[in-house]
Amino acid sequence: MLVADENVFALFGETFLSKFKATGKTLFHMVLPSGETTKDRKVKEQVEDFMLKNKMNRDTCCIALGGGVIGDLTGYIAATFMRGVPFVQLPTTLLAMVDASVGGKTAVNTGYGKNLIGAFHQPTVVFMDMGFLDGFSKRDPVRAEREFKAGIAEIIKTGAIWDCSLFEVCEQKVEAIQRREHAVLNEIVRRSVAIKAEVVTLDPKEGGLRAILNWGHTIGHAVEGLMGMTDYADGLLHGECVAIGMVLECNLARAMGVLHSSAVGRVVRCIEAYKLPTKIPHHLRIDDIMRKMMGDKKNTGGKLKCVIIDRIGHCWEPKASMVSSLRALCRLVHFACRHAPILPVRAAHAGGRACCPRAGGCPT
Ligand code: GLY
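Since this is a predicted model, take the numbers as computed values, not measurements. (Residues numbered from 1 in each chain as written. Predicted model: local features only at pLDDT ≥ 70, side-chain atom pairs only at ≥ 80, totals over all residues. Heavy atoms only, no water.)

1. Things to note about unusual backbone geometry
Line of reasoning, step 1. The phi torsion at Met82 lies on the positive side, around 50°, for a residue other than glycine.
Line of reasoning, step 2. With respect to the helices, strands and loops of the structure, Met82 is situated in the loop between α3 (68-80) and β4 (87-91).
Line of reasoning, step 3. Positive phi, close to 60°, is recorded for Asn115, a residue that is not glycine.
Line of reasoning, step 4. Secondary-structure assignment places Asn115 in strand β6 (residues 113-120). (Helix = DSSP H or I, 4+ residues; strand = E, 2+ residues; numbered from the N terminus.)

2. A word on the packing of helix α11 (residues 238-255) against helix α12 (residues 261-273)
Line of reasoning, step 1. Their axes nearest at 9 Å, the elements α11 and α12 cross at an angle of 175°. The angle between α11 and α12 places the two elements in the roughly antiparallel class. Note on element contacts: α12 touches α11 through Ser261, Val264, Val267, Val268 and Ile271, opposite Ala243, Met246, Val247, Cys250, Asn251 and Arg254.
Line of reasoning, step 2. Each residue belonging to the contact of α11 with α12 can be placed in one class, and the counts come to 8 nonpolar, 2 polar and 1 charged. (Axes fitted to C-alpha atoms, helices over the stretch in contact; angles between N-to-C directions. Parallel < 35°, antiparallel > 145°, perpendicular 65-115°, else oblique. Contact = heavy atoms within 4.5 Å. Nonpolar A, V, L, I, M, F, W, Y, C, P; charged D, E, K, R; others polar.)

3. Let's talk about the site of the ligand
Line of reasoning, step 1. Near the ligand the following residues occur: Asp99, Lys105, Lys196, Glu206, Arg210, Leu213 and Asn214.
Line of reasoning, step 2. Residue Asp99 places a side-chain N or O atom 2.9 Å away from a nitrogen atom belonging to the ligand.
Line of reasoning, step 3. Contact with the protein chains removes 90% of the 200 Å² of surface that the ligand exposes when unbound.
Line of reasoning, step 4. Across the shell around the ligand, the residue classes break down as 1 nonpolar, 1 polar and 5 charged. (Near = heavy atom within 4 Å. Polar contact = N/O pair within 3.5 Å; in protein donor to acceptor, adjacent residues only side chain to side chain. Areas by Shrake-Rupley, 256 points an atom, 1.4 Å probe, with all protein chains shown as cover.)

4. Digging into the packing of helix α10 (residues 217-227) against helix α13 (residues 286-294)
Line of reasoning, step 1. Where α10 contacts α13, the axes come no closer than 8 Å and their chain directions differ by 115°. As for how α10 packs across α13, the hand of that crossing is right-handed. Mapping the contact onto sequence places Thr218, Ile219, Ala222, Gly225 and Leu226 in α10 and Asp288, Ile289, Lys292 and Met293 in α13.
Line of reasoning, step 2. Along the lines of polarity and charge, the residues of the contact of α10 with α13 split into 5 nonpolar, 2 polar and 2 charged. (Left-handed = near helix turned anticlockwise from the far one by under 90°.)

5. Brief notes about helix α5 (residues 131-139)
Line of reasoning, step 1. Those residues of α5 that fall on the buried side of the exposure criterion are Phe132, Leu133, Gly135 and Phe136. Within α5, the buried residues cover an arc of 155° as seen down the axis, which keeps them to one side.
Line of reasoning, step 2. Contacts from the buried residues of α5 go to α1 (6-21), β3 (62-66), β4, α4 (94-100), α6 (141-162) and α9 (182-202). (Buried < 20%, exposed > 50% of the residue type's maximum accessible area, 1.4 Å probe, protein only. Arc of directions from axis to C-beta.)

6. Considering the pairing of β4
Line of reasoning, step 1. Judged by how many residues are buried, β4 sits mostly within the fold: 5 of 5 residues are covered.
Line of reasoning, step 2. Burial along β4 is two-sided: Phe87, Gln89 and Pro91 facing one way and Val88 and Leu90 facing the other are all buried.
Line of reasoning, step 3. Looking at chain direction, β3 and β4 are connected through 5 bridges and run parallel. Pairing of Leu65 across the sheet is with Leu90, part of β4.
Line of reasoning, step 4. In the classification by handedness, the crossover that spans β3, the intervening α3 and the parallel β4 is right-handed.
Line of reasoning, step 5. In this sheet, strand β7 (residues 125-126) lies alongside β4 in parallel orientation, the contact comprising 2 bridges. (Pairing = 2+ DSSP bridges. Right-handed = clockwise from strand over helix to strand, strands pointing away.)

7. Regarding a nonpolar patch on the surface
Line of reasoning, step 1. Residues Tyr112, Leu116 and Ile117 make up a contiguous nonpolar surface patch of about 350 Å² in total accessible area.
Line of reasoning, step 2. Residue placement: Ile117 occurs in strand β6. (Patch = residues over 30% accessible without salt bridge, like charges linked within 9 Å, V, L, I, M, F, W, Y side chains within 5 Å. Salt bridge = Lys/Arg side-chain N within 4 Å of Asp/Glu carboxyl O.)

8. Looking at the sheet that holds β7
Line of reasoning, step 1. Here 5 strands make up an open sheet; going across it, the order is β2-β1-β3-β4-β7 and the pairing parallel. In this open sheet, the two strands that pair with only one neighbour each are β2 (29-32) and β7.
Line of reasoning, step 2. Here helix α2 (residues 41-53) sits on the sheet and contacts β1 (2-5), β2 and β3; the angle it forms with β2, its principal contact strand, is near 160°.
Line of reasoning, step 3. α3 rests against β1, β2, β3 and β4 of the sheet, and its axis sits at about 170° to β3.

9. Some thoughts on the packing of aromatic side chains
Line of reasoning, step 1. Under the criterion given, the structure shown has 3 aromatic pairs.
Line of reasoning, step 2. Judged by centre distance (6.0 Å) and plane angle (20°), the ring pair of Phe16 and Phe20 falls under stacked. Here Phe16 and its partner Phe20 are both found in helix α1, 4 residues apart, which amounts to about one turn of the helix. Residues Phe16 and Phe20 agree in their burial class; the two are buried.
Line of reasoning, step 3. Centroid distance Phe28 to Phe50: 6.2 Å. Interplanar angle 85°. Geometry classified as edge-to-face. You can see Phe28 sitting in the loop between α1 and β2 and its partner Phe50 sitting in helix α2, a full 22 residues away along the chain.
Line of reasoning, step 4. Residue Phe28 is classed as partly exposed on the basis of its relative accessible area, which comes to 28%. (Phe/Tyr/Trp six-rings, centres within 6.5 Å; stacked < 30°, edge-to-face > 60°.)

Next up, the structure:
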């Protein structure tokens, strides 16, 4: 059962169907509208009814051809159809390659928030081909460019939390990456996916360590939620919100006294080099951002949690850390709504210290 995004299917669908025919296996397919509104319980039901009507059973394998929306929806269908069938991911955006397609998080959105109904269901195989990224550049260059950079934001994140040398490739090969040279893309995607796979293998259901993949996401998700990303042109993409979140969460780490200001500068410069946003959009209100952050899934016992890096390539704790000073965070958000990406802060007491279960990290 192939579930495909309409834009992707227009570019690659016929080739896929004709090549698949050569295997001699039956392939049903359903093409769904592009965009976040497809990640919906009603759409899930439509696909399931189509599968039931065509008498699919436990022998069925679901294949997702598209970005994160199609991957998350198809994965969730596979997780529950006949109590679970295998599924294969064919991610076609950089963001889906380095993040959504790996790790088995599947979900649909609800009126109460994004990804609130879902399951952990690991894909059997994930196939990635950088050629997918070229296809979109020709068809809709403006959209493709923006989505590509949003994917880069997640790679910068992965380097910053786990592997300084991956971060350095992002810093040093800006031109080659922006030209989408396949050799460098293959390298950064492969390394990013390997890190995500390592973290997810150690903590598949996000008991602790996996939360570090959400660096930049506490503030990023709050901004994303408030921007109402229903129409891509009016809002910010997920990766763009994460870019803003990384800048702010770096500043938070500096305010806590655990991250040197030179490291904050490097992160900001790297994000700016890809022309990703670094500032909270002006019209957002501080109290709305704080309220959204208080509702973050990582929080426990009513306490706000945030991933903190203590140097590039290394997290302060192998999990999301408790933010003890909401006042400091509020002050940072306040400045960030109006001022520069590197914010004036007074260093505060850092508290206890723990290390990731792994050596490494840059000195700054
Ligand atoms: N996107 C973060 C995770 O998969 O855990």
